[in-house]
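# Fold and geometry: a report
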Amino acid sequence: MLDHLRRWWRVLAVAGVAEFALGALIAGGPQYTFEFWAFMLSMWTSATLISFDFRRGLLRPVAVLPLTGRQMGRAWWLATVPIPAIVLAALLFSGAGIFCYFGPNHPFPTYRLVMASLFTSVWLGLQFTLNFVGARGFGRNPQEYIRNSLLSVVTVVAFFGTMLLCNNASNSPLRSCILLGIGALLTVAGWVLAEQFDPARAGLYLGRIEPPDLRRRASRLRLPKPKTAAAQSCAPGTGGGLRFLLSTVCVRGFLQIAGMVALMALLWLWQGRNLSLPMDFEMLAAMGSFMPCWFIVFYSLLPLLRHLRVLRTLPISATELAGVLLALALLPPAALGMLLASVGWLFSGPAAALAFLKIYALALGGVALCVFFAVWRGAGVQGYALLLLSLFGFLFGHLWLQGHFHYSERTLMVAGSIATGCILLALVLTRLVLVRGSRVYREETNPSGGFPMAASQ
Amino acid sequence: MTNAIEIRGLVKKYPHFQLGPLDLTVPRGAIYGLIGPNGAGKTTTIDLMFGLGRNDAGHIRVLGLDHRADDVQLKQLAAYVSPDLNFQVWGKVGKALRFVRGFYPGWDDTYCSALMKAFHLSAGDRIATLSSGAKTKLSLLLALARRPEVLVLDEPITGLDAVSKQQVFRELLEAVADGERTVLVSSHSLSDIERFADHVGLLKNGRLLLEGRTDEVVDRYRLVEFFTRNGDGLQSPAPDGLLILRSNENRWHALLDQKSGAQEWLQRQGARDVTLTRLTLEDLFVALFKEEEVS
């Protein structure tokens, strides 16, 4: 537990300072919404940090220490759920208290601070469950397989759903109840996962995924069938190479993010928002581009980059490889942006299409820079920080452009120019790193090459 | 052209390590074993050949192709095998095969099927669930099935059992049987290198210490045991070609380069009861790399 806190103290300290500042912001007035920032800060103090360690192979040396799985799980749960929750709450209240002390006209916002602390606590619990549900493997029998799969789906939906619903949630009793209720349930589930933690089953983080054994018990008595000649036959079919890679990764990525945006739109409608209003539409477009890009970068691009060594030994030039990496990340959101613009045009007119086009153009610029940062810095903490910076940078860039150009058509031109510049810059820089860098091919051995949501799954 | 790989003046600088200047020659049709202790620069050399990083000086030519100017053609003709190559993102063996074969017009489906059978791999196997040995076999299969003219293997037998090791080397021997294909293999399994490689190069601290035909290299060195008179040491420092390994009063053990004239020097020093023992490649390796420890 102390080892975790000692190794991550710099990140935790930065998050602590930010939480203190958030407390002051909350005290600054009810007009400031805090939920999204509280969520982001909880992410950088939560079990996400342990997942970085796991990907760098932490589990193997820890698993051979004279500790039970339960002790390990419990220590990690304590270090990433209750301890950060208490410390963050204390910092939040301190920040608000100091702000109110020096600005006596501001009343102490007890309700908002309590809500922020509660949200932070359940989000820490949710993220522990999200990161540790993969440590159970697929399950040893059909019941476990179904249970683990269900828990995985629920936590992933809860994670992204929280990001969507959290904005200004403290002012809505219904949304607060949903977020706190589901969060509390998943926090308890996380504690159960920690109590049942077994390094032997965490094959994902030890470099091997145990396949689920879904056969019936009786069938285990039979001898396994020998592999037939047909089963061993090569015949991989034609149409391999880059076309195969692009088609499989891009099509899968597109379907995943299209499903995500569809779900998002349904949630939006369920909240009673009117999509014919420009402000609501802009908001949906902003979130509907940011989240898919996030998904593509973290769950499609990063797992693929762990295989950069293989890709670089193929007979393609560095320029071609840089282009392929960019295409893999850009094509799914680009196609989705076009689709949404078309749908928007049909149902809400050209303004809606324009809203989607300009935000997606900007988002593509951010994703292009993410490709460069991911190739350059890898999937380490620095890499993640740069990726988040790029994605958020473009989200805020969009908001800034909106404010300065007031929905005029010039925004699309500006966004398009920025995106084109970023894509070209990313192409040049990625090629340069592929040619000159040797570190990029010597990333730490990553036992979780097949992350649960990786493109291959 | 007689050489498949020519490395001249290759330098790669890292903050705490420098590879080279390195000159290395792999004759066409040979199985060349590149050996050296951990951190000697074997993987760095191979990586530079395939563009996994850029060298600071020197050049590499593979079948006459420059590794930087002609990298795409080079990679068409040369294949790389390493346990570090991870194909997990493709999910199943069949998908990885389909992906890789699309890059090579000379892909041999019949040979691929035969190798799959020999390596007990099937298209439906999930790569994530394969053992590390099976993953190495998959990497080897993907390299061999394209019938490359140069095959570069970095620690290919790591994680393989004795039977699989034999199988891998059998396939390699078969691959070079026509005398046109070349294999460069980096390995810590010195007994296998001595048995299968016809040329060997020893890397140490980024420099090539020895290079030549395996039998000649092994035959050139002897373990020498000799005695001096009680209380007497050697009159002058040992010359090049004589590496003192250990001494116990008047009894000495050393590594002797038979081509160096050190044997005559020993006689001039009054060494008595000189016995020469033939070494294995592993003995030679241990003797050479224990030098610093002794000194």
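The rules behind each value
- Along each chain, residue indices are assigned from 1 in the same order as the chain's sequence is written.
- To label them, take the chains in the order written and letter them from A, then take the ligands in the order written and number them from 1.
- Under the rules for a predicted model, residues below a pLDDT of 70 receive no local features and side-chain atom pairs below 80 are neither given nor counted, while totals for whole chains, interfaces and linings still include all residues.
- Side-chain calculation: all heavy atoms of the structure are included, whereas hydrogens and water are not.
- To qualify as a helix, a DSSP run of H or I must reach at least 4 residues; to qualify as a strand, a run of E must reach at least 2; elements of each kind are numbered from the N terminus.
- Note on exposure labels: buried denotes an accessible area under 20% of the residue type's maximum, exposed denotes more than 50%, and partly exposed covers the range between, all computed with a 1.4 Å probe on protein chains only.
- Between two residues, a contact is recorded if the distance between any of their heavy atoms is within 4.5 Å.
- Residue-level accessible areas treat just the shown protein chains as cover; the underlying method is Shrake-Rupley with a 1.4 Å probe.
- Across the chain, each position has a pLDDT score giving the predictor's confidence in that residue, from 0 to 100.
- Summed over both partners, buried area is the accessible surface (1.4 Å probe) that two parts give up on being assembled.
- Any carboxyl oxygen of Asp or Glu within 4 Å of a side-chain nitrogen of Lys or Arg constitutes a salt bridge here.
- Polar contacts, as used here, are pairs of N or O atoms within 3.5 Å; protein pairs need one atom able to donate a hydrogen and one able to accept it. Residues neighboring in sequence count only if both atoms are side-chain atoms.
- Simply put, an axis is a line fit to the C-alpha atoms, just over the touching stretch for a helix, and the angle between two N-to-C directions goes from 0 to 180 degrees.
- Under this scheme an angle from 65 to 115 degrees is roughly perpendicular, one under 35 degrees roughly parallel, and one over 145 degrees roughly antiparallel; angles in between are oblique.
- Should the near helix be turned counterclockwise from the far one by less than a right angle, the crossing is left-handed, whereas a clockwise turn marks it as right-handed.
- For this classification, Asp, Glu, Lys and Arg are treated as charged, while Ala, Val, Leu, Ile, Met, Phe, Trp, Tyr, Cys and Pro are nonpolar and the rest, including Gly, are polar.
- Note on patches: the residues involved have over 30% relative accessible area and no salt bridge, like charges join within 9 Å, and the nonpolar side chains Val, Leu, Ile, Met, Phe, Trp and Tyr join within 5 Å.
- Pairing between two strands is assigned when DSSP locates at least 2 bridges connecting them.
- Side-chain rings of Phe, Tyr and Trp (the six-membered ring for Trp) are treated as a pair once their centres are within 6.5 Å; stacked means planes under 30 degrees apart, edge-to-face means over 60, and tilted covers the remaining angles.
- In our convention, an over-ring charge means Lys NZ or Arg CZ found within 6 Å of a ring centre and within 35 degrees of that ring's normal.

### Observations concerning the overall build of chain A
In terms of regular secondary structure, chain A is built from 18 helices and zero strands. Looking at the 457 residues of chain A, the share that counts as buried comes to 53%. For chain A, the proportion of contacts with a sequence separation of at least 24, taken over those separated by at least 6, is 81%. Accessible surface, chain A: about 20,400 Å² in total, of which carbon and sulfur atoms supply 70%.

### Notes on unusual backbone geometry
Residue and element names in this part refer to chain B. Residue Leu63 is not a glycine yet carries a positive backbone phi of 50°. The class for Leu63 is buried, based on a relative accessible area of 11%. A positive phi angle, close to 50°, is found at Glu155, a residue other than glycine. Looking at where Glu155 falls in the secondary structure, it is placed in the loop between β7 (150-154) and α6 (162-175). Of the residues examined, Glu155 reaches a relative accessible area of 17% and is grouped as buried.

### Points about the confidence of the model for chain A
Residue and element names in this part refer to chain A. With 82% of its residues at a pLDDT of at least 70, chain A reaches an overall mean of 78. At the level of individual helices and strands, chain A shows its lowest average pLDDT in helix α11 (residues 229-232), which scores 47, and its highest in helix α7 (residues 82-102), which scores 90. Every residue in residues 228-233 is under pLDDT 50, and counting partners more than four places away or in other chains gives 11 contacts. Low pLDDT (under 50) marks residues 444-457, which in the prediction has 47 contacts with non-local residues, meaning those over four places away or in another chain.

### Remarks on the interface of chain A and chain B
On the side of chain B, 48 residues touch chain A, which itself brings 43 residues to the contact. Roughly 4,100 Å² of surface becomes buried between chain A and chain B when both sides are summed, with 58% attributable to carbon and sulfur atoms. For the interface between chain A and chain B, the tally reads two salt bridges. When the shortest N-O distance is used, the salt bridge between B:Asp71 and A:Arg312 registers 4.0 Å. Between chain A and chain B we count five residue pairs in polar contact (both at pLDDT 80 or more) in total.

### Regarding the packing of helix α8 (residues 110-132) of chain A against helix α9 (residues 142-165) of chain A
Residues and elements named next belong to chain A. Contact geometry of α8 with α9 gives a least axis separation of 9 Å together with a crossing angle of 140°. Here α9 runs oblique to α8, going by the angle between their axes. The hand of the α8/α9 crossing is left-handed. Of the residues in α9, those touching α8 at Trp123, Leu126, Gln127, Thr129 and Leu130 are Leu151, Thr155, Val156, Ala158, Phe159 and Thr162. Looking at side-chain class alone, the contact of α8 with α9 contains seven nonpolar, four polar and no charged residues.

### Some words on the side chain of A:Glu35
Counting through the fold element by element, A:Glu35 comes out in helix α3 (residues 35-43). Apart from residues lying up to four places away in sequence, A:Glu35 is in contact with A:Phe119, A:Trp123, A:Cys166, A:Asn167, A:Asn168, A:Ala169 and A:Ser170.

### Quick look at a nonpolar patch on the surface
On the surface, A:Met1, A:Leu78, A:Ile83 and A:Val87 cluster together into a nonpolar patch covering about 280 Å² of accessible area. Looking at the element boundaries, A:Met1 is found in the segment before α1 (2-7).

### As for helix α4 (residues 48-55) of chain A
By the criterion of burial, α4(A) is predominantly enclosed, with eight of the eight residues buried. Here α4(A) has its buried residues at A:Thr48, A:Leu49, A:Ile50, A:Ser51, A:Phe52, A:Asp53, A:Phe54 and A:Arg55.

### Here's the deal with the environment of B:Ser113
If you trace the backbone, B:Ser113 turns up in helix α4 (residues 109-118). Spatially, the C-alpha atoms of B:Ser113 and B:Val176 are 19 Å apart, while their sequence positions differ by 63 residues.

### Examining the sheet that holds strand β4 (residues 57-62) of chain B
Residues and elements named next belong to chain B. The strand order across the open sheet built from four strands is β2-β1-β4-β5, with neighbouring strands paired in antiparallel fashion. With one partner strand each, in any of the chains shown, β2 (17-27) and β5 (65-66) form the two edges of the open sheet. Pairing of strand β1 (residues 3-14) with β4 involves five bridges; the strand directions are antiparallel. Bridging from a neighbouring strand, Ile5 pairs with Val62 of β4. Together, β1, β2 and β4 form the strand contacts of helix α1 (residues 42-49), whose direction differs from that of β1 by roughly 110°.

### A closer look at the confidence of the model for chain B
Residue and element names in this part refer to chain B. Chain-level statistics for chain B give a pLDDT mean of 84 and a share of 96% at 70 or above. Element-level mean pLDDT values for chain B span from 50 in helix α11 (residues 291-294) up to 92 in β4. As scored by the predictor, the complex reaches a pTM of 0.74 and an ipTM of 0.78.

### Topic: the packing of aromatic side chains
Under the defined criterion, the tally for this structure stands at 27 aromatic pairs over all chains. Seen from their ring centres, A:Phe295 and A:Tyr299 are 5.3 Å apart, and the 45° between their planes marks the pair as tilted. With A:Phe295 and A:Tyr299 both in helix α13 (residues 278-305) and four residues apart, the pair spans about one turn of that helix. Exposure class is identical for A:Phe295 and A:Tyr299. Each is buried. Three or more aromatic residues joined by ring pairs form one cluster here, namely A:Phe36, A:Trp37, A:Phe290, A:Trp294, A:Phe298, A:Tyr384 and A:Phe392. Stacked on the ring of A:Trp376, the Lys or Arg A:Arg377 has its end atom at 5.0 Å from the ring centre. A cation over a ring is seen here: B:Arg147 above B:Tyr111, with NZ or CZ 3.8 Å from the ring centre.

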